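Commentary on secondary and tertiary structure
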Amino acid sequence: MIKISVKSTEVRNQRGKAKVSGKDYDLNFQTVWVHTYDRSGKPSPYPEKTEIILEKNEQGAALFYPEGDYTLAPESFYVSRNGDLALQPKLVKLTPKPQSAA
C-alpha cells in the first residue's frame, strides 16, 4: 500500500491554451507527499513532494482533498492507449486502526 499525506488544502490553478490543439485548458493542482519505496522494496526515509490534478464539481470548482492520510483508489490505475500501465491518482482516506484495550 502506498501512503499519501495531504498537509494543505491549497489549490494551484493553471489556465492556458494548448500549443498543439489550440484548446483552452483549466487545471487545478494540490500538493501531496508520497511515501515511496526503492526498487528493492525498502521504504524511503522521507516522503516525496508531488502534485496531483484535481477533479471538478458541476460548477467547475476544484474538489480538493482535506488534510490527512490517504492511499490510491483502485480506479487510479488504467491501461493507456499504448497498452502501458498508467496512473491518474484518486485518493481514498485511510481510516485509523482501532486501538485495542490494554
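Look a little higher up for the structure.
Okay, so let's go over this structure. (Residues numbered from 1 in each chain as written. Predicted model: local features only at pLDDT ≥ 70, side-chain atom pairs only at ≥ 80, totals over all residues. Heavy atoms only, no water.)

What about the nonpolar core?
Rules: Residues belong to a common nonpolar core when they are buried Ala, Val, Leu, Ile, Met, Phe, Trp, Tyr or Cys residues joined through side-chain atoms within 4.5 Å. In this scheme, a residue with accessible area under 20% of its type's maximum is buried, one over 50% is exposed, and one in between is partly exposed, where area comes from a 1.4 Å probe on protein chains only. Only runs of H or I of at least four residues qualify as helices and only runs of E of at least two qualify as strands under DSSP, and these elements are numbered from the N terminus. The contact criterion used throughout is that any non-hydrogen atoms of two residues lie within 4.5 Å.
By size, the foremost hydrophobic cluster in this structure holds ten residues: Ile-4, Val-6, Val-32, Val-34, Ile-52, Leu-54, Tyr-65, Tyr-70, Leu-72 and Leu-91. The set of elements that each furnish at least two residues to this core consists of β1 (3-6), β3 (24-35) and β5 (68-72). Non-local contacts of Leu-54, meaning those with residues more than four positions away in its chain, are made with Val-11, Asn-28, Phe-29, Gln-30, Ala-62, Leu-63, Phe-64 and Tyr-65.

Quick look at the pairing of β5
Regular strands show a simple pattern: their side chains alternate between the two faces of the sheet. Here is the rule: When DSSP finds two or more bridges between two strands, those strands count as paired.
One ladder, built from four bridges, connects β1 with β5; its direction is antiparallel. Note on β5: the bridge partner recorded for Ile-4 is Tyr-70. Here three bridges tie β5 to strand β8 (residues 91-93), and the two strands are oriented antiparallel to one another. Each residue of the ladder has a partner; that of Thr-71, found in β8, is Val-92.

Quick notes on the environment of Trp-33
Note that Trp-33 resides in strand β3. Trp-33 sits 28 residues away from Ser-5 along the chain, and the two C-alpha atoms are 5.0 Å apart. Discounting residues that sit within four places of it in the chain, Trp-33 has contacts with Lys-3, Ile-4, Ser-5, Lys-7, Pro-47, Glu-48 and Lys-49.

Some words on the pattern of salt bridges
The following threshold applies: Should a side-chain nitrogen of Lys or Arg be within 4 Å of a carboxyl oxygen of Asp or Glu, the pair is scored as a salt bridge.
One pass over the structure, following the stated rule, counts six salt bridges. Across the pair Glu-51 and Arg-12 runs a salt bridge whose closest N-O atoms are separated by 2.7 Å. One end of the pair, Glu-51, is in strand β4 (residues 48-53); the other, Arg-12, is in strand β2 (residues 11-17), and 39 residues separate them in sequence. For Glu-51, a relative accessible area of 36% translates into the label partly exposed. Accessibility expressed as a relative area gives 35% for Arg-12, which makes it partly exposed. Notably, a salt bridge pairs Glu-55 with Lys-90, separated by 3.1 Å at the nearest N-O pair. With a gap of 35 residues between them, Glu-55 in the loop between β4 and β5 and Lys-90 in the loop between β7 (85-87) and β8 connect regions that are remote in the sequence.

As for the side chain of Thr-71
Filter applied, for reference: Polar contacts, as used here, are pairs of N or O atoms within 3.5 Å; protein pairs need one atom able to donate a hydrogen and one able to accept it. Residues neighboring in sequence count only if both atoms are side-chain atoms.
Note that Thr-71 resides in strand β5. Within the structure, the side chain of Thr-71 is placed 2.8 Å from the backbone oxygen of Ile-2, a separation counted as a polar contact. Not counting the four nearest positions on each side in its chain, Thr-71 is found in contact with Met-1, Ile-2, Lys-90, Leu-91, Val-92 and Leu-94.

Comments concerning a nonpolar patch on the surface
Heads up, the rule is: Residues enter patches when they are more than 30% accessible in relative terms and free of salt bridges; like-charged ones are connected within 9 Å and nonpolar ones (Val, Leu, Ile, Met, Phe, Trp, Tyr) within 5 Å. Per-residue and other accessible areas follow the Shrake-Rupley method at a 1.4 Å probe size, with only the shown protein chains counted as cover for residues.
A surface patch of nonpolar side chains, about 430 Å² in accessible area, is lined by Phe-77, Val-79, Leu-85 and Leu-87. Of all elements in the fold, only β6 (77-79) and β7 reach the threshold of two or more residues within the nonpolar patch. Within the secondary structure layout, Val-79 lies in strand β6. Residue classification places Val-79 among the exposed residues on the basis of a relative accessible area of 59%.

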